[in-house]
Amino acid sequence: MNIYRIAALGLAGGVAALFLKNYRSEYAILVSMATAVIILLSAADMLADIIAQIGDITEKSGVDPKYFKIVVKVVGVAYITQFAGELLRDAGEGAIASKVELAGKIFILYLTMPVLSGFLEVCIEAVSYI
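Residues numbered from 1 in each chain as written. Predicted model: local features only at pLDDT ≥ 70, side-chain atom pairs only at ≥ 80, totals over all residues. Heavy atoms only, no water.

**Some points on a nonpolar patch on the surface**
Link 1 in the chain: A contiguous nonpolar patch, built from Met-46, Leu-47, Ile-50, Ile-51 and Ile-54 and spanning about 410 Å² of accessible area, is present on the exposed surface.
Link 2 in the chain: Locating Ile-54 in the fold gives a position in helix H2 (residues 25–61).
Link 3 in the chain: With a relative accessible area of 38%, Ile-54 lands in the partly exposed category. (Patch = residues over 30% accessible without salt bridge, like charges linked within 9 Å, V, L, I, M, F, W, Y side chains within 5 Å. Areas by Shrake-Rupley, 256 points an atom, 1.4 Å probe, with all protein chains shown as cover. Salt bridge = Lys/Arg side-chain N within 4 Å of Asp/Glu carboxyl O. Helix = DSSP H or I, 4+ residues; strand = E, 2+ residues; numbered from the N terminus. Buried < 20%, exposed > 50% of the residue type's maximum accessible area, 1.4 Å probe, protein only.)

Written as structure tokens, this is what we have:
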């Protein structure tokens, strides 16, 4: 799906939600969420190509593939967390949105612990040679 179709879908969903907000606000929220999910799934098609290209670049550079996997997971968690937080804010649940975002940040820290651990080991080895 190209960006024009995605933008048109977003505008149509936004107008429909705005129209429904005056009559049935609960349906307006559902239309907003459905529109957002459809847009996300439409954009996800491109994600597989992007990941493949980054994998090729990583392979050519000689970087350990485990670091590439960690970066992809971190980016995925960040996007999913932001998307969920924005949906919750649109639904009027700002408190839950902030908790979802906090949990996302903690999960990102958890995912990056192997990288931080490896970095600290390199630093300790460098200091022990001095």
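**Side note on the side chain of Ser-42**
Link 1 in the chain: As for its position among the elements, Ser-42 is in helix H2.
Link 2 in the chain: Within the structure, Ser-42 has its side chain in polar contact with the backbone oxygen of Ile-38 (distance 2.8 Å). (Polar contact = N/O pair within 3.5 Å; in protein donor to acceptor, adjacent residues only side chain to side chain.)

**Some thoughts on the packing of H2 against helix H3 (residues 65–90)**
Link 1 in the chain: Axis separation between H2 and H3 bottoms out at 12 Å; the angle between their running directions is 165 degrees. One element, H2, and the other, H3, form an angle in the roughly antiparallel class. The chirality of how H2 crosses H3 is right-handed. Along the contact surface, H2 presents Met-33, Ala-36, Val-37, Leu-40, Ile-51, Ile-54, Gly-55 and Thr-58, while H3 presents Phe-68, Val-72, Phe-83 and Leu-87.
Link 2 in the chain: Residue classes in the contact of H2 with H3 are distributed as ten nonpolar, two polar and no charged. (Axes fitted to C-alpha atoms, helices over the stretch in contact; angles between N-to-C directions. Parallel < 35°, antiparallel > 145°, perpendicular 65-115°, else oblique. Left-handed = near helix turned anticlockwise from the far one by under 90°. Contact = heavy atoms within 4.5 Å. Nonpolar A, V, L, I, M, F, W, Y, C, P; charged D, E, K, R; others polar.)

**Description of the packing of helix H1 (residues 3–23) against H2**
Link 1 in the chain: Between H1 and H2, the least distance of the axes is 7 Å, while the angle of their chain directions is 170 degrees. The orientation of H1 relative to H2 falls into the category roughly antiparallel. When H1 is examined against H2, the residues Ile-6, Leu-9, Gly-10, Gly-13, Ala-16, Ala-17, Leu-20, Lys-21 and Tyr-23 are found in contact with a partner set consisting of Ser-25, Tyr-27, Ala-28, Val-31, Ser-32, Thr-35, Ile-38, Ile-39 and Ser-42.
Link 2 in the chain: Split into classes, the residues belonging to the contact of H1 with H2 amount to eleven nonpolar, six polar and one charged.

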